[in-house]
Amino acid sequence: MEYDDQSDSVRAAAEITNGYKASDSVVDRIATATLRETMSTYDKDKLTAALREVFTNIGVASDEAFEYLTRVAKDILMKSSEIDRELSARNKEIRSLVRNAKIRLTEVQRKNVEYAYGSYNAYRKQHGLFNVTDKGMYLDQLWASWSEAFPDVFDADMGEGDMPFAIREILTRYQNHYSNPYGFGMDESASYYAMRMLDQFFSTQEIKHFAGARAVELKAITDKYEQRIKSVREQSRKRADERIAKIKAANRDRLNLISREYAKAKKEQRRADREKFLDEYKKLTDSKPTPRTRGNVMRQISQMRRPCQKTGAVIG
């Protein structure tokens, strides 16, 4: 999710509204709306206190406001009834798969990280979430096995040189999962609701009145901010749809493979049954059966195994 220029908007809006003190009703309304929308049991008084602190100091600490609200939003989401327990368990399995592995970079991968980070050790220090070592299994080999287990997560077509950079993104995305219609991961959801709370704050009638002659300027900033939130939702939903399509394609390919293997096994079984029949027939007749004779024998065997109409007993 892209938030590169959100701090500029917050800073500009905070400069216009510096000195404004939000009323208790405004703070309460934003807290209530956030908890209702996230279906969270997070303590409302605690959220209200956090919002009041942010809104009071945003004029002098606008850069810190978003980061602080993102942490608060994540705590809110962790107490949401919309946490998908089953998917969170799956995500934990994905993270454990990576974090428990001893990862060794190939020569190509090592050159790429040295170029991107300045040195191999710099890459290792910044990626402490997983174990990069000189004595582990090569990452491209690990990736191949991971993509078989989770084809929707570990792209089988991922370039060898891109794998070291994709790992961290995967670990960040696949955390506890908050169910939402936009396909956000947990961190993305937290950032989204931080943006939402700031947007609601700067869009109140109280703050527009406080802005006075600069109200039009403030509205231009908040309109741009709202448009950015909408864009974030649409882009994330598009990525989610692409992931779903990829999962369906992977499952379809796997189903087709299973179907082919099943058909092959049935064909081989029929061949084995036919050979078994011929062997049994040879033991009884010492001759090769004609199609007519073979048919008669099969009918006789079939009839011998039918239940007796009177007693229900099986003959033979």
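Residues numbered from 1 in each chain as written. Predicted model: local features only at pLDDT ≥ 70, side-chain atom pairs only at ≥ 80, totals over all residues. Heavy atoms only, no water.

1. Some thoughts on the overall build of the chain
Move 1: When helices and strands are tallied, the chain shows 13 helices and five strands.
Move 2: Sorting the 316 residues of the chain into buried and exposed places 35% on the buried side.
Move 3: Partitioning the intrachain contacts of the chain with sequence separation of at least 6 by distance along the chain shows that 72% fall at a separation of at least 24.
Move 4: Accessible area of the chain: about 19,500 Å², with a carbon and sulfur share of 50%. (Helix = DSSP H or I, 4+ residues; strand = E, 2+ residues; numbered from the N terminus. Buried < 20%, exposed > 50% of the residue type's maximum accessible area, 1.4 Å probe, protein only. Contact = heavy atoms within 4.5 Å. Areas by Shrake-Rupley, 256 points an atom, 1.4 Å probe, with all protein chains shown as cover.)

2. Details of the packing of helix H8 (residues 139–149) against helix H9 (residues 163–173)
The relative placement of two packed helices comes down to the angle between their axes together with the axis-to-axis distance.
Move 1: The N-to-C vectors of H8 and H9 enclose an angle of 45°; their axes lie 11 Å apart at closest approach. In terms of axis orientation, H8 runs oblique to H9. Crossing angle aside, the handedness with which H8 passes H9 is left-handed. Listed contacts from H9 to Leu 139, Asp 140 and Trp 143 of H8 are Met 163, Pro 164, Ala 166, Ile 167 and Ile 170. (Axes fitted to C-alpha atoms, helices over the stretch in contact; angles between N-to-C directions. Parallel < 35°, antiparallel > 145°, perpendicular 65-115°, else oblique. Left-handed = near helix turned anticlockwise from the far one by under 90°.)

3. Some words on the packing of helix H4 (residues 62–78) against helix H10 (residues 186–202)
Move 1: For the pair H4 and H10, interaxial distance at closest approach is 8 Å and the crossing angle is 120°. Classified by the angle between their axes, H4 and H10 sit oblique to one another. The chirality of how H4 crosses H10 is right-handed. Of the residues in H10, those in contact with Phe 66, Leu 69, Thr 70, Ala 73, Lys 74, Leu 77 and Met 78 of H4 are Met 186, Asp 187, Ser 189, Ala 190, Ser 191, Tyr 193, Ala 194, Met 195, Met 197 and Leu 198.
Move 2: Of the residues that constitute the contact of H4 with H10, the class distribution is 12 nonpolar, three polar and two charged. (Nonpolar A, V, L, I, M, F, W, Y, C, P; charged D, E, K, R; others polar.)

4. Description of the environment of Val 72
Move 1: In this structure, Val 72 sits in helix H4.
Move 2: A relative accessible area of 7% means that Val 72 is categorised as buried.
Move 3: Sequence separation of Val 72 and Tyr 42 is 30 residues, and the distance between their C-alpha atoms is 9.9 Å.
Move 4: Filtering out sequence-adjacent residues up to four positions away, Val 72 remains in contact with Leu 47 and Ala 50.

5. Comments concerning the pattern of salt bridges
Move 1: Applying the stated criterion to the full structure yields 10 salt bridges.
Move 2: Among the ionic pairs, Asp 28 bridges to Lys 44, the shortest N-O distance being 2.9 Å. Of this pair, Asp 28 sits in helix H2 (residues 24–38) while Lys 44 sits in helix H3 (residues 44–57), and the two are 16 residues apart along the sequence.
Move 3: Counted as one network, the salt bridges with shared partners bring together Glu 15, Arg 214 and Glu 217. (Salt bridge = Lys/Arg side-chain N within 4 Å of Asp/Glu carboxyl O.)

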